[in-house]
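# Structure at a glance
Read off the chains here:
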Amino acid sequence: MTETGVVLGFDGGGTKTVCWAAAHTGELRARTVSGPSNYLAATAETARRSLADAAAAAMSQAGLHPDTRVLAVGAGLAGVEREVDRTRMAALLQELFPGAVIAISSDSQAALRGALSGPYGLALVAGTGSIVVGRSENGQQITAGGWGHLLGDEGSAYDIAMQALRRVVRGHDGREGRTGLAEAVLAALGLEQVSDLIDFMYGFPSPSRDAIAALAPVVVAAAETDPAAAAILDAAGDELGLAVGTVIRRLGLTGEAVPVAMVGGVIARDGRVRQALERRVRQAAPAARLELPRLEPALGALLEGFAALGIAVTEERLAQWEAVSRVERG
């Protein structure tokens, strides 16, 4: 018989951390949001604080005593693709939740677990960073992207913002035509002239990856009237579609109606990115199905927490979680 207590599911990224708290019966009790928990992009202390704050807020929102026993924690975190990183963050979670069973994976793995209603398919995660992870029916798993903002993250919010900043300075130099992005970007950053970008980018302290990625909505808004902004979004969608098509091809699923769950603010925010993404995917796999994830990533992580306890979440309960996910997505 399962001990009475609470199970927590975390989706931790470079911008925010989502936490779900559920009773041991599978009943969802609370959802909270805190700061970033990618310890590579920020610090381990920042990640610890964000995870602790999200959990404390969830317990409070659920009307639970702070000392309520946490039976298990499922955590899908950005920055833990390597075993050494998973070990470090698992130890941190064990310190935060003594005695709890810890199930830790990358944020993309949690997204995949929550996204799919069947045994195989892909999850495309495009937020601050970007990655595609796919699984075949025989359990083979392939990823593309996820290399971080210095080596990759094409099509992500950070990438979109950096492309915009480069367009602004190139236009200022006369290396290409001027763009309305300049005015929009400077206004968003509270700067007076393009040359002020030097202090913004290279001054101390330098801007965080999240601060730069926060410019992506500026590009989306500008794309309605500015061709340069529209081109940036088209290129972002094309890059995301290339990654999806690559994973489909490597899994040998090009001729199948493989489900591709789209996760993350970049895809949710802009129809232009989605259109370019779909065009590129159709070239590789004409029958692929681009769809919303069944469950948001934090609920995918929560599933991992229950699995770590040996508890199978019923289909009826999953349907309830799915309905909640639709509400949270708006």
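Chains are numbered independently. Their residues run from 1 in the order of the written sequence. Residues qualify for local features only when their pLDDT is at least 70, as the model is predicted, and side-chain atom pairs are given and counted only at 80 or more; totals for whole chains, interfaces and linings, by contrast, use all residues. Side-chain metrics rest on all non-hydrogen atoms present in the structure, leaving aside hydrogens and water.

## Here's the deal with the packing of aromatic side chains
Centre distance within 6.5 Å is the pairing criterion for rings of Phe, Tyr and Trp, where only the six-membered ring of Trp is used; planes under 30 degrees apart are then read as stacked, over 60 as edge-to-face, and the remainder as tilted. Here the structure, examined in full by the defined rule, presents two aromatic pairs. Seen in terms of ring centroids, Phe10 and Phe97 are 6.1 Å apart; in terms of plane orientation they differ by 35°. Their pairing is tilted. Here Phe10, found in strand S1 (residues 6-12), pairs with Phe97, found in the loop between helix H2 (83-96) and strand S5 (101-106); they are 87 residues apart in sequence, far enough to count as distant. Accessibility classification places Phe10 together with Phe97 in one group, the buried group. Plain terms: the ring middles of Phe306 and Trp321 are 6.1 Å apart, the flat faces sit at 50° to each other, and that makes the pair tilted. With a gap of 15 residues between them, Phe306 in helix H13 (residues 297-308) and Trp321 in helix H14 (residues 315-328) connect regions that are remote in the sequence. For the pair Phe306 and Trp321, a shared accessibility class is recorded, and that class is buried. Think of it this way: any DSSP run of H or I at least four residues long counts as a helix, any run of E at least two long counts as a strand, and we number them from the N terminus. Relative accessibility thresholds used throughout: buried, under 20% of the residue-type maximum; exposed, over 50%; partly exposed, between the two (1.4 Å probe, protein chains only).

## Notes on a nonpolar patch on the surface
Residues Trp147, Leu150 and Leu151 make up a contiguous nonpolar surface patch of roughly 460 Å² in combined accessible area. Here Trp147 shows up in the loop between strand S8 (141-145) and helix H4 (148-151). Two joining distances apply to patches: 9 Å for like charges and 5 Å for nonpolar side chains (Val, Leu, Ile, Met, Phe, Trp, Tyr), and every residue must have over 30% relative accessible area and no salt bridge. Calculation of accessible area relied on Shrake-Rupley with a 1.4 Å probe; when residues are assessed, cover is drawn exclusively from the protein chains displayed. Any Lys or Arg side-chain nitrogen located within 4 Å of an Asp or Glu carboxyl oxygen qualifies as a salt bridge.

## Here's the deal with the side chain of Asn38
Note on placement: Asn38 falls in the loop between strand S3 (28-34) and helix H1 (44-61). Residue classification places Asn38 among the buried residues on the basis of a relative accessible area of 8%. Any pair of residues with heavy atoms lying within 4.5 Å of one another is described as a contacting pair. The contacts of Asn38, once residues within four sequence positions are left out, are Gly13, Gly14, Ala78, Gly79 and Arg209.

## Thoughts on the sheet that holds strand S9 (residues 259-263)
DSSP bridges decide pairing: two strands pair if at least two such bridges lie between them. Reading across the sheet, the five strands line up as S8-S7-S6-S9-S10 and stay open at both edges, with mixed pairing between neighbours. Two strands close off the open sheet at either side, each with one partner strand: S8 and strand S10 (289-291). Along the sheet, successive strands turn relative to each other by an average axial angle of 20°, direction set aside. In this structure, strand S7 (residues 130-135) lies alongside S8, joined through five bridges in antiparallel fashion. Looking at S8, one finds that Ile131 is bridged to Gly145. Sitting on the sheet, helix H3 (residues 107-115) is in contact with strand S6 (121-126), S7, S8 and S9, with an inclination near 130° to S6. For helices, the fitted line uses only the C-alpha atoms of the stretch in contact; every axis is such a line through C-alpha atoms, and the angle between N-to-C directions lies from 0 to 180 degrees. Set on the sheet, helix H12 (residues 271-284) makes contact with S6, S9 and S10; between it and S10 the angle comes to about 155°.

## Quick notes on the side chain of Ser105
Relative to the helices and strands, Ser105 resides in strand S5. If we ignore the near neighbours within four places in the chain, the residues touching Ser105 are Ala75, Gly76, Leu77, Val80 and Ala110.

## As for unusual backbone geometry
A positive phi angle, near 60°, is found at Asp153, a position not held by glycine. Considering the arrangement of structural elements, one finds Asp153 in the loop between H4 and helix H5 (157-173). Classification of Asp153 as buried rests on a relative accessible area of 3%.

## A word on the sheet that holds strand S2 (residues 17-23)
Sheet strands associate in pairs through backbone hydrogen bonding, adopting either a parallel or an antiparallel arrangement. On the basis of which strands lie adjacent, the open sheet formed by five strands has the order S3-S2-S1-S4-S5 and mixed pairing. Where the open sheet ends on each side, the last strands, each with one partner, are S3 and S5. With strand direction ignored, the average angle separating the axes of adjacent strands in the sheet is 15°. The pairing of S1 with S2 spans seven bridges and is classified as antiparallel. Residue pairing in the sheet places Gly9 in a bridge with Trp20 of S2.

## Some remarks on the pattern of salt bridges
Using the criterion set out here, one finds 16 salt bridges in the structure. Two residues, Arg48 and Glu45, come together in a salt bridge whose shortest N-O distance is 3.9 Å. Of this pair, Arg48 and Glu45 are both found in helix H1, three residues apart, which corresponds to roughly one turn of the helix. For Glu45, a relative accessible area of 45% translates into the label partly exposed. Across the pair Arg282 and Glu278 runs a salt bridge whose closest N-O atoms are separated by 3.0 Å. In this pair, Arg282 and Glu278 both sit in helix H12, four residues apart, roughly one turn of the helix. Given the relative accessible area of 28%, Arg282 is considered partly exposed. The class of Glu278 is partly exposed, set by a relative accessible area of 34%. A single network of salt bridges, built from pairs that share partners, joins Glu45, Arg48 and Glu95.

## A word on H1
A rise of 1.5 Å per residue sets the reference length of H1, with its 18 residues, at 26 Å; its end C-alpha atoms lie 26 Å apart and thus fit the reference within 8%. Every buried residue of H1 is listed here: Thr46, Ala47, Ser50, Leu51, Ala54, Ala55, Ala58 and Met59. Elements that come into contact with the buried residues of H1 comprise S1, S2, S3, strand S4 (70-77) and H2. Immediately downstream of H1, the backbone of Gly63 shows phi near 75°, a positive value. Multiply 1.5 Å by the residue count of a helix minus one, and that product is the helix's expected span.

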